Amino acid sequence: MLFEYLLRRISLLIFMVVTLTVFTFSLNYLFPGDLLTNFSGQVNSNYSQTQLLAEKYQINENLLMQYGAFLARIASGDWGVSLSSGQNVFEHVTRLFPATLELCVYALGVAVSLGIPAGIVASAYHRRWPDRVINSLTLMGFSIPIFWLALLLIMVFCLSFGLFPMSGRIGLLYEIEPISNFILIDIAIQGFPYHGLAFYDALRHLALPTVVLAMYPTTVLVRFTRDSMLHVLEQNYIKTARAKGLNRRQLILHHALRNALLPVIKQIGLQFSTLITLAMVTEVIFSWPGIGRWLIDSIYQRDYPAIQGGLLAVSMFVILANMLAEFSHSLFDPLSRNQAYGKV
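Residues numbered from 1 in each chain as written. Predicted model: local features only at pLDDT ≥ 70, side-chain atom pairs only at ≥ 80, totals over all residues. Heavy atoms only, no water.

Moving on: the UniProt feature "transmembrane region" (unreviewed entry) in the chain. The UniProt record annotates "transmembrane region" (unreviewed entry) at residues 12-31, 105-125, 137-164, 202-222, 268-286 and 306-325. Secondary structure content for residues 268-286 is 95% helix and 0% strand, and the end C-alpha separation is 25 Å. Secondary structure content for residues 306-325 is 100% helix and 0% strand, while the C-alpha to C-alpha distance between its ends is 28 Å. (UniProt positions renumbered as here; feature names shortened; annotations may be inferred. Helix = DSSP H or I, 4+ residues; strand = E, 2+ residues; numbered from the N terminus.)

Printed below as a string of structure tokens:
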């Protein structure tokens, strides 16, 4: 049954990737301007260069042949040339995506560290003052737009008190060689130069964007964990354990928590893919040099090859994150695989 489940998921993944590549390929015809420029990003080419590009991108062939050549270029890392910078789009993606991924990983870590314990406490004190306080804070955090929260934190902690920097990943005084393009990892690899001051400065730059980006998934995990715990606490085996004299701590830690966290695991993966899209707004406000800010700038500059490459990279990562979350949930909870086939 596990093999059949994996086969179905792999087939779904292939279908989603094919659909994504077909849509990305069709953007070359939907964008305004010259078709060959949309494919390659090359402008002001002479006659001989135009003929070579037309042969490379198979412009004179049918759509199926053009799509096949497009897939071959995507697989080989030839994603065209950016109209604004003149550099390969794939190089931009590989250089900028780690910054976005780093921000999302830290934000998800904050959301898990705060959201799951808060949800457990709210369920343990159901309809009492801790539950009411946590629900009120969750509703407030869920309702606040992240761009408004980002501007508010910048105004208070950056402009008023000067506690945190308001833009960038690290100060201009520190020169850190980009090895992995993860700023904290690069500082650690290079032996914490500047007596550790560079690492501290990078943490200060990372603090406010992480808090802003973690707000939404934290509120979602709080409510999801609370509802899952309340559902488990109403089960008959929990009532039996309570009748045997077990206290609230023993019921939650030894009986309820393990089963209640199974659906939360899937939700964590889904929130990680949501963070990728929310990071675009956060990166623009805090001038964070990630793929989200680069993609927004490309839209303003009408850099069509960059828009195409950025959309492909972000969408592909969201698909893989969702599939990995569902696979992890099914791995820990075999009953979910039976439900997928309509079995009990």
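On to the packing of aromatic side chains. A ring pair, where both rings are aromatic, is described by two values, the distance of the centres and the angle of the planes. Per the stated rule, a full pass over the model turns up 14 aromatic pairs. Taking the centre distance of 5.1 Å and the plane angle of 75° together, the rings of Y174 and Y194 count as edge-to-face. Of the two residues, Y174 sits in the loop between α7 (146-160) and α8 (183-189) while Y194 sits in the loop between α8 and α9 (197-233), which places them 20 residues apart along the sequence. Each residue in the set F25, Y29, F39, Y57, Y67 and F70 is aromatic and connected to the rest through ring pairs, giving one cluster. (Phe/Tyr/Trp six-rings, centres within 6.5 Å; stacked < 30°, edge-to-face > 60°.)

The next point concerns unusual backbone geometry. Peptide bonds are mostly trans, and most non-glycine residues show a negative phi. For Y194, which is not a glycine, the phi torsion comes out positive at approximately 60°. In this structure, S287 is a non-glycine residue whose phi angle is positive, near 50°. Examined against the element boundaries, S287 turns out to sit in the loop between α11 (248-285) and α12 (291-301).

Space inside the largest pocket adds up to approximately 330 Å³. Within the residue set of the lining of the largest pocket, elements represented by two or more residues are α5 (89-124) and α8. Grouping the amino acids of the lining of the largest pocket by side-chain chemistry returns nine nonpolar, one polar and four charged. Of the pockets and cavities examined, the second largest pocket occupies roughly 230 Å³. Along the walls of the second largest pocket sit 13 residues, with L114, M215, T218, T219 and V222 positioned nearest its centre. Every element with two or more residues in the lining of the second largest pocket is listed here: α5, α6 (129-143) and α9. Top contributing element to the lining of the second largest pocket by residue count: α9, with six residues. (1 Å grid on protein atoms, 1.4 Å probe; cavity = no way out; pocket = protein on both sides within 12 Å on 5 of 7 lines; lining within 4 Å. Points joined across faces, edges and corners; volume = space filled by probe spheres on them. Nonpolar A, V, L, I, M, F, W, Y, C, P; charged D, E, K, R; others polar.)

Below, the discussion takes up the nonpolar core. One finds F272 and I291 to be the most contacted residues of the largest nonpolar core, which totals 68 residues. Per element, the largest residue contribution to this core is 14 residues, and it comes from α5. When residues of this core are assigned to domains, at least three fall in each of domain 1 (1-76) and domain 2 (89-337). Those residues in contact with F272 that lie beyond four places of it in its chain are L101, C104, V105, L108, F317 and A321. Membership of the second largest hydrophobic core comes to nine residues, among which are L149, A150, L153 and L208. (Core = buried A, V, L, I, M, F, W, Y, C linked by side-chain atoms within 4.5 Å. Buried < 20%, exposed > 50% of the residue type's maximum accessible area, 1.4 Å probe, protein only. Domains from an automatic or database assignment. Contact = heavy atoms within 4.5 Å.)

Domains assigned within the chain are domain 1 (1-76) and domain 2 (89-337). Each of domain 1 and domain 2 has a C-alpha centre, and the two are 33 Å apart. Contacts between the two partners involve 22 residues from domain 1 and, on the opposite side, 15 residues from domain 2. Of the roughly 1700 Å² buried between domain 1 and domain 2 on both sides combined, carbon and sulfur atoms contribute 79%. Applying the counting criterion to the domain 1 and domain 2 interface returns zero salt bridges. Between domain 1 and domain 2 we count two residue pairs in polar contact (both at pLDDT 80 or more) in total. Among the secondary structure elements, those contributing two or more residues to the side of domain 1 that touches domain 2 are α1 (2-30), α2 (35-40) and α4 (63-76). Considering each element in turn, the side of domain 1 that touches domain 2 owes the most residues, 15 residues, to α1. Class assignment for the residues of the side of domain 1 that touches domain 2 results in 15 nonpolar, six polar and one charged. (Buried area = accessible area lost by both parts, 1.4 Å probe. Salt bridge = Lys/Arg side-chain N within 4 Å of Asp/Glu carboxyl O. Polar contact = N/O pair within 3.5 Å; in protein donor to acceptor, adjacent residues only side chain to side chain.)

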